[in-house]
Amino acid sequence: MSKKPFYITTPIYYPSAKLHIGHAYCTTIADAIARYKRLAGYDVFFLTGSDEHGQKIQRTAEAEGVTPLEYVDRIVAGFQELWHQLNISNDDFLRTSELRHQKVVQEFFRRIRDRGDIYKGEYTGLYCTQCESYWTELQLDEHGCGPDCHRPIEKVSEEAYFFKMSKYADKILKHIEDNPEFIVPTSRRNEMINFIKQGLEDLCVSRTSFDWGIPVPDDEKHVIYVWFDAVINYITPLFKDEETFKKFWPADIHLVGKEIVRFHSIIWPCMLMAMDLPLPKQIYGHGWLIVEGDKMSKSKGNVVDPMLLIEEFGADAIRYFLLREITLGQDGGFSRDALINRINADLANDLGNLLHRTLNMINKFQSGVVLETVGESEIDKSFKADAMQTVAEYKKLMDNIQLSEAIKKTWAFVSRANKYIDETMPWKLAKEEEQKQTLANTLYNLVESLRIISILIAPFMPTTAQKIYGQLNLDNFAEIQIEDVDKFGLFPVDHKINKPQQLFPRIEVK
Ligand code: MSP
């Protein structure tokens, strides 16, 4: 039977700034979802990339005395290295400067213009180079600066092409209202409904004041507006062949930061409507990573470099923190202290101890061999029921992309397993010959719970999951499926496990 397709995207990142941990947050969420879907048997396509055009890039490159392409080549190599270090399992990386993308963008432009939904006019407006966005007077902040980045804006006037977005206002509003799952969470959906109800104006989709962009077909003094160009990245890789397109479009989720939901849930769908293409199934607007009460961003000078964090604590600890600490859809605080607390309490203590104690006891009391169970006590019964209950709730939460809640559920079971050790006291059982079978049962249940836990954490901490699997001496990690946790008792008997090795060292706080 062919697998069900699942297509997830992150925004494509601007190469104008060094990526910070806020950017890594978005990519990590998408990666955890993609990995879970793969476990659940889907044929996953996970796309990320870089958004390389626009005036800001051109100016930065000029200031550095290099061409825009030389500039982006260097920065984008850094992005790719970061995603590699963070264990991001994207299936493709799209750069908007690639020829495959340019062709698709020009085709979109040409077709929409041919049907009369792109026309030529004159644009005078307030433009923020920082955000590559036009704003109206009313949208500016109290200092007359851009409402998002609070930087000075410029008045520009130029001949330009316009996309007739106003024509699609009723249709997109109806789509949003009829499909509550189209924009999530509801707060973002309500914002978009209000935004459209204030009236959708036609969108200026070309520029003549610089040339680092995709040329307008048959009118090359214009380049295509960077957002018109950028959103098309989501469809470019699918035009590889008809089968890929049919399989993966429409996308299941565009995961984006809350400040760019408008581009994804209004402008992009209107463009797709003008192309007679189906709309993505869901736009998920996640919250921001906040440092001391402010959004982490380069302009605020409060960025945390993810590479340094990964070097210091390891990718899995960072992934765990981002996914556990912040409820998807809401803002969440980042601090070094909070990160260290989580590593020490949840990873070194709870998970690390469970693994270490269990493997140590099997090595000590049963020469490292997991033995068959015979019979069960009331404590065993309730422990196994808790395991199965955890799995059922975890799946529901993951299907609903409530990642933080799914992690909390898993950790509640990690604690439960540690408590099971305290309740059953295997070291006491080991002293009495007639308790041999009870000891074997207890240690089996523990090692089986570790097998289950390692699968549940695989989407969040793939390296740690694999390490646990290795210490359990199980060797088919690449083939695990979520069904492998549907039943308690699949751990092989008469199976020799390995010596325990520390997963996460405790971090000493000076
Ligand atoms: N290039 C556009 C996206 C085009 S998609 C067709 C862009 N790039 S960005 O580099 O500025 O941001 C990329 C993503 O990172 C956005 O979803 C943004 O919300 C996210 N984040 C940037 N700073 C962030 C935090 N401090 N916290 C969480 N996410 C953050 O926008």
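Residues numbered from 1 in each chain as written. Predicted model: local features only at pLDDT ≥ 70, side-chain atom pairs only at ≥ 80, totals over all residues. Heavy atoms only, no water.

Helical geometry note: an α-helix holds 3.6 residues per turn, so side chains three or four residues apart project in the same direction. A rise of 1.5 Å per residue sets the reference length of helix α9 (residues 261-274), with its 14 residues, at 20 Å; its end C-alpha atoms lie 19 Å apart and thus fit the reference within 8%. Looking one or two residues past α9, Asp 276 carries a phi angle of roughly 55 degrees, positive in sign. (Helix = DSSP H or I, 4+ residues; strand = E, 2+ residues; numbered from the N terminus. Expected span 1.5 Å × (residues − 1).)

Around the ligand there are 25 residues in total, and Ile 12, Asp 51, Gly 257, Glu 259 and Leu 289 lie nearest to it. Within the side chain of Asp 51, a nitrogen or oxygen atom sits 2.7 Å from a nitrogen atom of the ligand. Here Leu 289 contributes a backbone N or O atom positioned 2.8 Å from a nitrogen atom of the ligand. Summarising the interface, the protein chains cover 95% of the accessible area of the ligand, which totals 670 Å² for the free molecule. Of all elements in the fold, only β1 (5-13), α1 (21-39), α7 (226-231) and β11 (253-257) reach the threshold of two or more residues within the shell around the ligand. A breakdown of the residues in the shell around the ligand according to their chemical character gives 14 nonpolar, eight polar and three charged. (Near = heavy atom within 4 Å. Polar contact = N/O pair within 3.5 Å; in protein donor to acceptor, adjacent residues only side chain to side chain. Areas by Shrake-Rupley, 256 points an atom, 1.4 Å probe, with all protein chains shown as cover. Nonpolar A, V, L, I, M, F, W, Y, C, P; charged D, E, K, R; others polar.)

This part takes up the sheet that holds strand β5 (residues 133-135). Spatially, β5-β4-β6-β8 is the arrangement adopted by the four strands of the open sheet, whose pairing is antiparallel. The sheet is open, and its two borders are formed by β5 and β8 (203-204), each paired with just one other strand. Across three bridges, the pairing between strand β4 (residues 118-128) and β5 is antiparallel. Following the sheet pairing, Leu 126 is matched in β5 by Trp 135. Strands in contact with α9 are β5, β6 (154-163) and β8; relative to β6, the strand with the most contacts, it is inclined by about 35 degrees. (Pairing = 2+ DSSP bridges. Contact = heavy atoms within 4.5 Å. Axes fitted to C-alpha atoms, helices over the stretch in contact; angles between N-to-C directions.)

Take unusual backbone geometry next. The omega torsion of the bond from Val 184 to Pro 185 falls at -5 degrees, within 30 degrees of zero and hence cis. Relative to the helices and strands, Pro 185 is located in the loop between β7 (183-184) and α6 (186-197). Note the cis peptide between Trp 249 and Pro 250, where omega equals 5 degrees. On the secondary structure map, Pro 250 appears in the loop between α8 (242-248) and β11.

Another point: the side chain of Asp 51. Examined against the element boundaries, Asp 51 turns out to sit in the loop between β2 (43-50) and α2 (55-64). Of the buried charged residues, Asp 51 lacks a salt bridge, with Lys 56 as the closest side chain of opposite charge at 8.9 Å. Other than its neighbours up to four places away in sequence, Asp 51 contacts Ile 12, Tyr 13, Tyr 14, Pro 15, Thr 96, Val 226 and Ala 230. (Buried < 20%, exposed > 50% of the residue type's maximum accessible area, 1.4 Å probe, protein only. Lys, Arg positive; Asp, Glu negative; His and termini not counted. Salt bridge = Lys/Arg side-chain N within 4 Å of Asp/Glu carboxyl O.)

Side-chain alternation along strand β12 (residues 283-286) places Ile 283 and Gly 285 on one buried face and Tyr 284 and His 286 on a second face that is also buried. For β11 and β12, the ladder comprises four bridges, and the chain directions are parallel. Within β12, the residue paired with Val 256 across the bridge is Gly 285. Crossover connection from β11 via α9 to parallel β12: handedness right-handed. (Right-handed = clockwise from strand over helix to strand, strands pointing away.)

What follows is about the nonpolar core. Of all hydrophobic cores here, the largest spans 107 residues; its most connected members are Trp 83, Leu 351, Trp 411, Phe 460 and Met 461. Per-element accounting of this core gives the leading share, 12 residues, to helix α12 (residues 336-366). Beyond its immediate chain neighbours, meaning those up to four positions away, Trp 83 contacts Tyr 13, Leu 19, His 23, Ala 24, Thr 27, Thr 48, Ile 88 and Phe 93. Core analysis: the next-biggest nonpolar cluster, separate from the first, contains 65 residues, Val 105, Val 205, Ile 224 and Ile 235 among them. (Core = buried A, V, L, I, M, F, W, Y, C linked by side-chain atoms within 4.5 Å.)

Moving on, we get to the environment of Leu 446. On the secondary structure map, Leu 446 appears in helix α16 (residues 436-457). Among residues more than four places away in sequence, those in contact with Leu 446 are Leu 354, Thr 358, Met 361, Ala 417, Tyr 420 and Ile 421.

Where α12 contacts α16, the two axes come as close as 10 Å, and the packing angle between them is 145 degrees. As α12 packs across α16, the resulting crossing turns out to be left-handed. Listed contacts from α16 to Leu 351, Leu 354, Leu 355, Thr 358, Leu 359, Met 361, Ile 362, Phe 365 and Gln 366 of α12 are Leu 439, Ala 440, Leu 443, Leu 446, Val 447, Leu 450, Ile 453 and Ile 457. By residue class, the composition of the contact of α12 with α16 is 15 nonpolar, two polar and no charged. (Left-handed = near helix turned anticlockwise from the far one by under 90°.)

Looking now at the packing of aromatic side chains. Taken as a whole and assessed by the stated rule, the structure comprises 25 aromatic pairs. Here the aromatic rings of Phe 6 and Tyr 42 are separated by 6.0 Å at their centres, their planes lie at 70 degrees, and the arrangement is edge-to-face. Separated by 36 residues along the polypeptide, Phe 6 in strand β1 and Tyr 42 in the loop between α1 and β2 bring together distant segments of the chain. Judged by its relative accessible area of 6%, Phe 6 falls in the buried class. Aromatic pair Tyr 36 and Tyr 394: ring centres 6.1 Å apart, planes at 75 degrees, arrangement edge-to-face. Taken as a pair, Tyr 36 in helix α1 and Tyr 394 in helix α13 (residues 378-399) lie far apart in primary sequence, 358 residues in all. Judged by its relative accessible area of 3%, Tyr 36 is buried. Judged by relative accessible area, which is 0%, Tyr 394 ranks as buried. In textbook terms, an aromatic cluster arises when at least three aromatic residues are bridged by ring pairs, as seen for Tyr 7, Phe 45, Phe 108, Tyr 234, Phe 248, Trp 249 and Trp 268. (Phe/Tyr/Trp six-rings, centres within 6.5 Å; stacked < 30°, edge-to-face > 60°.)

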